[in-house]
Amino acid sequence: MLWFLTLHSPSYLLPAGAAEVPDLNERLKKLINAGPCMLFMKGSPQEPRCGFSRQIVGLLKEHNIQFSSFDILSDEEVRQGLKTFSNWPTYPQLYVNGELVGGLDIVKELAESGELENTCPKAVSLEQRLKSAINQSPVMLFMKGNKEAARCGFRRLTIPHVVYWCFY
Amino acid sequence: MLPSVSRCTRPICLSVVRPLAHFRPPMDPDPNRPVETTIRTKLTEKFKPDHLEVHNESHMHAVPPGSESHFRVLVVSTQFVGLPLIQRHRLVNEALKEELSSRVHALAIQAKTPEQWGVDPALGKSPSCMGGSKNDRTVEEKLKAGRE
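As the structure is a computational prediction, the values presented were derived from the model and not from experiment.

Definitions and cut-offs
Residues numbered from 1 in each chain as written. Chains lettered and ligands numbered in written order. Predicted model: local features only at pLDDT ≥ 70, side-chain atom pairs only at ≥ 80, totals over all residues. Heavy atoms only, no water. Helix = DSSP H or I, 4+ residues; strand = E, 2+ residues; numbered from the N terminus. Buried < 20%, exposed > 50% of the residue type's maximum accessible area, 1.4 Å probe, protein only. Areas by Shrake-Rupley, 256 points an atom, 1.4 Å probe, with all protein chains shown as cover. Contact = heavy atoms within 4.5 Å. Core = buried A, V, L, I, M, F, W, Y, C linked by side-chain atoms within 4.5 Å. Expected span 1.5 Å × (residues − 1). Buried area = accessible area lost by both parts, 1.4 Å probe. Polar contact = N/O pair within 3.5 Å; in protein donor to acceptor, adjacent residues only side chain to side chain. Pairing = 2+ DSSP bridges. Axes fitted to C-alpha atoms, helices over the stretch in contact; angles between N-to-C directions. Phe/Tyr/Trp six-rings, centres within 6.5 Å; stacked < 30°, edge-to-face > 60°. Parallel < 35°, antiparallel > 145°, perpendicular 65-115°, else oblique. Left-handed = near helix turned anticlockwise from the far one by under 90°. Nonpolar A, V, L, I, M, F, W, Y, C, P; charged D, E, K, R; others polar.

**Considerations on the overall build of chain B**
Along the backbone of chain B there are 5 helices and 3 strands. Order of helices (α) and strands (β) in chain B, N terminus to C terminus: α-β-β-α-α-β-α-α. Here chain B, with 148 residues, has 39% of them falling under the buried criterion. A total of about 8,500 Å² of accessible surface is found on chain B, and carbon and sulfur atoms cover 56% of it.

**Focus: the overall build of chain A**
Secondary structure assignment for chain A yields 7 helices and 7 strands. Counting helices and strands in the order they occur from the N terminus, chain A gives β-α-β-α-β-α-β-β-α-α-α-β-α-β. Within chain A, the fraction of its 168 residues that count as buried is 45%. When contacts within chain A are restricted to residue pairs at least 6 apart in sequence, long-range pairs at least 24 apart make up 63% of them. Here chain A displays about 9,400 Å² of accessible surface, and carbon together with sulfur accounts for 53% of that area.

**Points about the nonpolar core**
Membership of the largest hydrophobic core comes to 36 residues, with the highest contact counts inside it found for Leu39, Phe40 and Leu94 of chain A. For this core, the secondary structure elements donating two or more residues are helix H1 (24-32), strand E2 (37-41), helix H2 (51-62), helix H3 (76-86), strand E4 (93-96), strand E5 (99-102) and helix H4 (104-113) of chain A. Discounting chain neighbours no more than four positions away, the residues touching Leu94 of chain A are Cys37, Met38, Leu39, Leu60, Glu99, Leu100, Val101, Gly102, Val107 and Cys120 of chain A. Ile39, Leu52, Phe71 and Val75 of chain B belong to the second-largest nonpolar core, a separate cluster that totals 18 residues.

**Some remarks on H2 of chain A**
With 12 residues, H2 of chain A should cover 16 Å at 1.5 Å per step; its first-to-last C-alpha distance of 16 Å lies within 8% of that length. Of all the residues in H2 of chain A, the buried ones are Gly51, Phe52, Ser53, Ile56, Val57, Leu59 and Leu60 of chain A. Residues of H2 of chain A that are buried sit in contact with E2, E4, H4 and helix H5 (116-119) of chain A together with strand E3 (106-112) of chain B. The first or second residue beyond H2 of chain A is Asn64 of chain A, which carries a positive phi of 60 degrees.

**Here we look at the interface of chain A and chain B**
Every contact between the two is made by 26 residues of chain A and, on the other side, 23 residues of chain B. The junction of chain A with chain B conceals about 2,000 Å² of combined surface from both sides, 53% of it contributed by carbon and sulfur atoms. Viewed at the interface, chain B and chain A are joined by 5 residue pairs in polar contact (both at pLDDT 80 or more). Only H2, H3, E5 and H4 of chain A provide two or more residues apiece to the side of chain A that touches chain B.

**A few points about the sheet that holds strand E1 (residues 51-56) of chain B**
Residue and element names in this part refer to chain B. With mixed pairing, the 3 strands of this open sheet are ordered in space as E1-E2-E3. Bordering the open sheet on either side are E1 and E3, each of which pairs with just one other strand. When the angles between neighbouring strand axes are averaged without regard to direction, this sheet yields 10 degrees.

**Examining the packing of aromatic side chains**
Per the counting criterion, the structure on display carries 3 aromatic pairs over all chains. Summarising the aromatic geometry, the rings of Phe40 of chain A and Tyr95 of chain A are spaced 5.4 Å apart at their centres and angled 80 degrees between planes, so their arrangement reads as edge-to-face. You can see Phe40 of chain A sitting in strand E2 and its partner Tyr95 of chain A sitting in strand E4, a full 55 residues away along the chain. Comparing Phe40 of chain A with Tyr95 of chain A, the two get one shared label, buried. Seen in terms of ring centroids, Phe47 of chain B and Phe80 of chain B are 5.1 Å apart; in terms of plane orientation they differ by 40 degrees. Their pairing is tilted.

**What to know about the packing of H4 of chain A against helix H2 (residues 85-95) of chain B**
Pairs of packed helices are described in terms of their axes, by the angle between the two and the distance that separates them. In the contact formed by H4 of chain A and H2 of chain B, the axes pass within 10 Å of each other and the chain directions differ by 155 degrees. Overall, the two elements H4 of chain A and H2 of chain B adopt an arrangement that is roughly antiparallel. Crossing handedness for the pair H4 of chain A and H2 of chain B: right-handed. On the side of H4 of chain A, the interface is formed by Asp105, Ile106 and Glu109 of chain A, while H2 of chain B contributes Leu85, Ile86 and His89 of chain B. Among the residues making up the contact of H4 of chain A with H2 of chain B, the classes are represented as 3 nonpolar, 1 polar and 2 charged.

**Focus: the environment of Leu85 of chain B**
Within the secondary structure, Leu85 of chain B is located in helix H2. Counting along the chain gives 26 residues from Leu85 of chain B to Ala111 of chain B, while the straight-line C-alpha distance between them is 7.6 Å.

**Thoughts on the pairing of E4 of chain A**
Residue and element names in this part refer to chain A. Here E4 shows no split at all, with Gln93 and Tyr95 on one side and Leu94 and Val96 on the other all buried. The pairing of E4 with E5 spans 3 bridges and is classified as antiparallel. In the sheet register, Tyr95 faces E5, and the bridge partner there is Leu100. Between the antiparallel neighbours E4 and E5 lie 2 residues, among them Asn97 with a positive phi of about 50 degrees.

Take a look at the structure:
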């Protein structure tokens, strides 16, 4: 399963009740670090609005890369600001851990040379997530609520007698 | 006029043999294509390339006929030896900074060393347009700058 988080507007970056617009560079820094792998594109992965953006999404999906995306058509300030911030004049732009990897041409060449998987984080399948979760500790309890506030009578009976980590 | 094709009889051939299938005619400066001419001039001056191709791909996009807004360039130069891809592209972007900030909306880049070009002398292919340039104010401004 591939995950991508799509950000259409950076309003979530504004602290609640903020009266002033944060410095653009700070906004951009937060945006490019919003995920380990961030794609700034035209449109969304589900609905790209440019052939170059569509192709880069295709490459990332094909190589099972987990990424978040931002639609630069939804925010003109980010669209123009990021070009200056990163000194990169075109879109799409791919960032990994806050660093610019490049555009479609570079991602294509990385894919062809087999380096793309090493450059970007891979998507974790549901199966892998579940395997990881059930093996976090020798004893794992999957319950409703948590140790302090078990939300079901069955769990309240179990808690006093067992030492465990819980996933809720 | 077809270029002469050099043939190598040694077991290890160091020169590039270019079959006719890869032949692309030399592109002379055209006064009707000022942006293309400028791009070619700047890239030649900056990189002293072994091989250079400049393709106007505007006709593949939702812009008026005759536009010079979308380009693909292939630069083969010894200046790229030892440089990672992103640095090579930054050098090309820097050389064409003025065009990219005014008239050129999209620039596809292939930046290869002569050795890489010798191994794989192929021009990349741009994806088909999805009409993203239509009703795009940034593109309209660049087209206007190109006309002025």
